[in-house]
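In case you want the letters, here they are:
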Amino acid sequence: MSVTTNESEYAEDKSGRAGSERTSGVWVRRFTALAPLWTLLVMIIIFSLASPTFLQPSNLNNLLVQISTYGILATGLTIVLITGQIDLSIAAVMALSAMVTTQLGVILKIPEPIPTVIALGVATLLGLINGVISTRYRIQTFMVTLAVALIAEGLTLWISQGHTYFDIPVIAKFLGSGWIGQPGKGIRILIVVSALTLLLGHLLLRYTRFGRYIFMTGASPSAARLAGVDTARIITVAMVICGFTAGLAGLANIGRLGSALPMVINSFLIDAIAVVVLGGTALTGGRGGIPQTVIGMLIYGTLRNGLDNMESIDPLMKGFITGLVLLIALIINVLFSGKQARDQV
């Protein structure tokens, strides 16, 4: 009788310890899943203490404007990365779409919105080419999008004949430099466009069947195909979306800068990938989402803006410091996020 009682108490005690371990494991996973958020909070605290101007409304508005182009660009790139693919042509597509709308609207005097529609159509077409060639001929998107990037870069240079244009089409100028409310006191149109793009991307990934298929394709293409998912079509549509967002980012960017350049700004590609991965979206596919990308944008923007506000730092060292901090943040975020289960938000 006593033996039975002791065995029962031992079983209950073992079950209690197992339940406690499971509970603690859940909290650990939740904590590590928020590693990018902790990184952002630490950066905000450091820069707010180091610079009295960092938390001023004007500077925060400037920070949002600086990262808004990345928000548009990173929306499509996030979707592509979740499928387990990559698009190396986004910076070149940005430059080409910007030059197309400038040539049509400013040089040829074609009325809006025709130049904008054609420019976005060209960007979307390049995304379609990326998707169709990579899926139909089973070529890695790394190589296909690299080739398309070279094509877009060459077309941009040829169309512009090497000239920089400072006369910007109306819609592009509105997207990049327009205001809601009084200039300087309201909110920039660019911030609104970026927020809407990110929101639509989140709704697509989180609340549609297509979004679920994107995660399934990235997590396990073979399993997704066995489940009846047309993975080739999913990847193609993801590349099309990425092409469109790159074109939109290109139009907004020339509106913000006030000039259309004949060359590709390759830093947009590297920065966009860094923004998405910083937030926790996996390069291997199947994990990530728009909320993570937003956190990555804020980390990147806070770092760049914070360093600019610190006068004690040598300007020639800011690039080195930025790269070093980003590398450390990437290692921490990837190590911690790798301990969590695959997420879909």
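Scroll up for the structure.
So, how was this worked out
- Each chain carries its own residue numbering, running from 1 in the direction its sequence is written.
- Note on the predicted model: pLDDT of at least 70 is required for a residue's local features to be given, and 80 or more for side-chain atom pairs to be given and counted; whole-chain, interface and lining totals, by contrast, use all residues.
- Excluding hydrogens and water, the side-chain figures rest on all heavy atoms present in the structure.
- Helix and strand assignments follow DSSP, with helices taken as H or I runs no shorter than four residues and strands as E runs no shorter than two, numbered in order from the N terminus.
- The classification of residues rests on relative accessible area computed with a 1.4 Å probe and restricted to protein chains. Under 20% of the type maximum is buried, over 50% is exposed, and intermediate values are partly exposed.
- Contacts were defined at the residue level, with two residues in contact if any of their heavy atoms lie within 4.5 Å.
- We get accessible surface area from the Shrake-Rupley algorithm with a probe of 1.4 Å; when it comes to residues, only the shown protein chains can shield them.
- A patch consists of residues whose relative accessible area exceeds 30% and which take part in no salt bridge; residues with like charges are grouped when within 9 Å of each other, and nonpolar side chains (Val, Leu, Ile, Met, Phe, Trp, Tyr) when within 5 Å.
- One side-chain nitrogen of Lys or Arg within 4 Å of one carboxyl oxygen of Asp or Glu is enough to make a salt bridge.
- Put simply, two rings from Phe, Tyr or Trp (the six-membered ring, in Trp's case) pair if the centres are within 6.5 Å, and we call them stacked under 30 degrees between planes, edge-to-face over 60, tilted for the rest.
- We define a nonpolar core as any set of buried Ala, Val, Leu, Ile, Met, Phe, Trp, Tyr and Cys residues linked to one another through side-chain atoms lying within 4.5 Å.
- Working rule for helices: expected span equals 1.5 Å times residues minus one.

## Quick notes on the overall build of the protein
Across its full length, the protein holds 14 helices and two strands. Classification of the 345 residues of the protein by burial places 46% in the buried group. Taking the contacts inside the protein whose residues are at least 6 apart along the sequence as the reference set, 77% of them involve residues at least 24 apart. On the protein, roughly 17,200 Å² of surface is accessible, and the fraction owed to carbon and sulfur atoms is 68%.

## A word on the side chain of Thr-236
Within the secondary structure, Thr-236 is located in helix α11 (residues 231-257). For Thr-236, the contacting residues outside a window of four places in its chain are Leu-128, Gly-131, Val-132 and Thr-135.

## A short note on a nonpolar patch on the surface
Residues Leu-125, Leu-128, Ile-129, Ile-133, Tyr-137, Ile-139, Phe-142, Met-143, Leu-146 and Leu-150 make up a contiguous nonpolar surface patch of roughly 900 Å² in combined accessible area. Residue assignment for the nonpolar patch shows that the elements contributing at least two residues are α5 (114-136) and α6 (141-160). Considering the arrangement of structural elements, one finds Phe-142 in helix α6.

## A look at unusual backbone geometry
The omega torsion of the bond from Glu-112 to Pro-113 falls at 10°, within 30 degrees of zero and hence cis. Relative to the elements of secondary structure, Pro-113 occurs in the loop between α4 (90-107) and α5.

## With respect to the pattern of salt bridges
Under the definition given, this model contains two salt bridges. With a closest N to O distance of 3.7 Å, Asp-230 and Arg-233 form a salt bridge. A residue is classified by how much of its surface remains accessible, and Arg-233, at 57% relative accessible area, is exposed. Among the salt bridges present, the one from Lys-318 reaches Asp-308, with a minimum N-O distance of 3.7 Å. One end of the pair, Lys-318, is in helix α14 (residues 318-337); the other, Asp-308, is in helix α13 (residues 290-308), with ten residues separating them in the sequence. For Lys-318, a relative accessible area of 16% gives the class buried.

## Comments concerning the packing of aromatic side chains
The full count for this structure, using the stated rule, is three aromatic pairs. Plain terms: the ring middles of Tyr-70 and Phe-268 are 5.5 Å apart, the flat faces sit at 45° to each other, and that makes the pair tilted. In this pair, Tyr-70 is assigned in helix α3 (residues 57-82) and Phe-268 in helix α12 (residues 267-279), connecting sequence segments 198 residues apart. Ring plane angle 70° and centroid distance 5.7 Å describe the contact between Tyr-70 and Tyr-300, whose orientation is recorded as edge-to-face. Within this pair, whereas Tyr-70 is found in helix α3, its partner Tyr-300 is found in helix α13, the two being separated by 230 residues in sequence. Note on accessibility: Tyr-70 and Tyr-300 belong to one class, buried. In textbook terms, an aromatic cluster arises when at least three aromatic residues are bridged by ring pairs, as seen for Tyr-70, Phe-268 and Tyr-300.

## Digging into the nonpolar core
Counting 76 residues, the largest nonpolar core has Leu-73 and Ile-90 as the members making the most contacts within it. Per-element tally for this core: the top contributor is α3, with twelve residues. Aside from chain neighbours lying at most four places away, what touches Ile-90 is Leu-73, Leu-77, Cys-242, Ala-246, Leu-269 and Ala-272.

## So, α4
Between its first and last C-alpha atoms α4 spans 25 Å; for 18 residues at 1.5 Å apiece the expected length is 26 Å, and the two agree. Counting buried residues along α4, 16 of its 18 residues qualify, which places the element largely inside the surrounding structure. Following α4 by one or two positions, Lys-109 has its phi on the positive side, about 60°.

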